[in-house]
Amino acid sequence: MLKKNKEIVVSVCMVTYNHEPFIKQAIESALMQETSFNYEIMIGEDCSTDQTRSLVKKYKLEFPDKITLILNEQNVGAVRNMAAIIKASRGKYIALLDGDDYWTAPDKLQKQVDFLESNPEYSTCYHGAQLIDKSGKPQVVIPLPKFRKKTSNLEDLIQNDVFMASGSTMFRAKLFDYFPDIFFVLRNGCDWALSVLNAEHGLIGYID
């Protein structure tokens, strides 16, 4: 339900392509968030060849005030899809959630907004994530122990590659004016390159 103040505080940005087995759980985990603020769910559907597009359209019909769909007319790839969603978002903060991921805590968004509101020197915050295989069997927990420190920075990203699960991150919107061309050719543009662009403007905080 929308709060009385209609300002969108968080934009949940979700890229999806051929995520039919997973997309319902991803969207439901975003819808279950309990917050003191309004948030929107931005879904970029990239011409899936399965039933993903049909499923996200059904959720849009059920939650028209909460969900915004960007339905690509041709496949553009995950990086360009993500960039388009971020550009179209209205929130003060961006939370990433891929169509084959899901959140388990209903206060996830609230905790991260509270952290960024209280710590203006931070551009980004993240938390732990459990990787599981297609059968649901738990795999590795990330970040690795050495990255579970209160504060990281741009240098840490450059030296170590990305150490945050994309679905665990929240960052301040509009920290940079445009996506540089190199963003679209790097193999991990959605993760490492985006994190670097944000880390140029503030510290990275880990929420245990």
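See the structure shown above.
We now turn to the structure provided with this report. (Residues numbered from 1 in each chain as written. Predicted model: local features only at pLDDT ≥ 70, side-chain atom pairs only at ≥ 80, totals over all residues. Heavy atoms only, no water.)

**As for the sheet that holds strand 9 (residues 170-172)**
Strand pairs in the sheet, formed through backbone hydrogen bonds, run parallel or antiparallel to each other. Pairing is mixed across the open sheet formed by eight strands, whose spatial order is 3-2-1-4-9-5-10-8. Strands with a single pairing partner mark the edges of an open sheet, and in this sheet they are strand 3 (67-71) and strand 8 (151-152). Sheet topology places strand 1 (residues 8-16) next to strand 4 (residues 93-96); four bridges connect them, and they run parallel. The partner of Cys 13 across the bridge, within strand 4, is Leu 96. Most of the contacts of helix 3 (residues 78-88) go to strand 1, to which it runs at about 160 degrees, and overall it touches strand 1, strand 2 (38-45), strand 3, strand 4 and strand 9. (Pairing = 2+ DSSP bridges. Helix = DSSP H or I, 4+ residues; strand = E, 2+ residues; numbered from the N terminus. Contact = heavy atoms within 4.5 Å. Axes fitted to C-alpha atoms, helices over the stretch in contact; angles between N-to-C directions.)

**Topic: the packing of helix 1 (residues 23-31) against helix 2 (residues 52-62)**
In contact at an axis separation of 10 Å, helix 1 and helix 2 are set at 25 degrees when each is read in the N-to-C sense. Between helix 1 and helix 2, the angle falls in the class roughly parallel. Along this stretch, helix 1 crosses helix 2, giving a crossing that reads as right-handed. Here Ile 23, Lys 24, Ile 27, Glu 28 and Leu 31 of helix 1 come into contact with helix 2, specifically with Thr 52, Leu 55, Val 56 and Tyr 59. Residues of the contact of helix 1 with helix 2, tallied by class, amount to six nonpolar, one polar and two charged. (Parallel < 35°, antiparallel > 145°, perpendicular 65-115°, else oblique. Left-handed = near helix turned anticlockwise from the far one by under 90°. Nonpolar A, V, L, I, M, F, W, Y, C, P; charged D, E, K, R; others polar.)

**Points about the packing of aromatic side chains**
For the structure on display, the rule yields eight aromatic pairs. Considering the side-chain rings of Phe 115 and Tyr 122, the 5.1 Å spacing of their centres and the 75 degrees angle between planes classify their relative orientation as edge-to-face. Geometry around Tyr 39 places Lys 66 over its ring, the cationic atom sitting 3.6 Å from the centre. Above the ring of Phe 184, the side-chain terminus of Arg 80 is found at 4.2 Å from the ring centroid. (Phe/Tyr/Trp six-rings, centres within 6.5 Å; stacked < 30°, edge-to-face > 60°. Lys NZ or Arg CZ within 6 Å of the ring centre and 35° of its normal.)

**Side note on unusual backbone geometry**
Each neighbour pair has its own omega, and for Ile 142 with Pro 143 the value is 5 degrees, a cis peptide bond. Along the chain, Pro 143 turns up in the loop between strand 7 (138-142) and strand 8. Not every positive phi belongs to a glycine, and Asn 18 is a case in point at roughly 55 degrees. Inspection of the secondary structure puts Asn 18 in the loop between strand 1 and helix 1. Taking the relative accessible area as the measure of exposure, Asn 18 reaches 26% and is therefore partly exposed. Of note, Asp 161 is a non-glycine position whose phi angle comes to about 70 degrees, a positive value. (Buried < 20%, exposed > 50% of the residue type's maximum accessible area, 1.4 Å probe, protein only.)

**A short note on the pattern of salt bridges**
For the structure on display, the rule yields five salt bridges. For Arg 53, the salt bridge goes to Glu 45, with nearest N and O atoms at 2.5 Å. A relative accessible area of 22% means that Arg 53 is categorised as partly exposed. In this structure, Lys 149 engages Asp 156 in a salt bridge whose closest nitrogen and oxygen atoms are separated by 3.5 Å. Of the residues examined, Lys 149 reaches a relative accessible area of 34% and is grouped as partly exposed. Look at Asp 156 and you get buried, because its relative accessible area is 13%. (Salt bridge = Lys/Arg side-chain N within 4 Å of Asp/Glu carboxyl O.)

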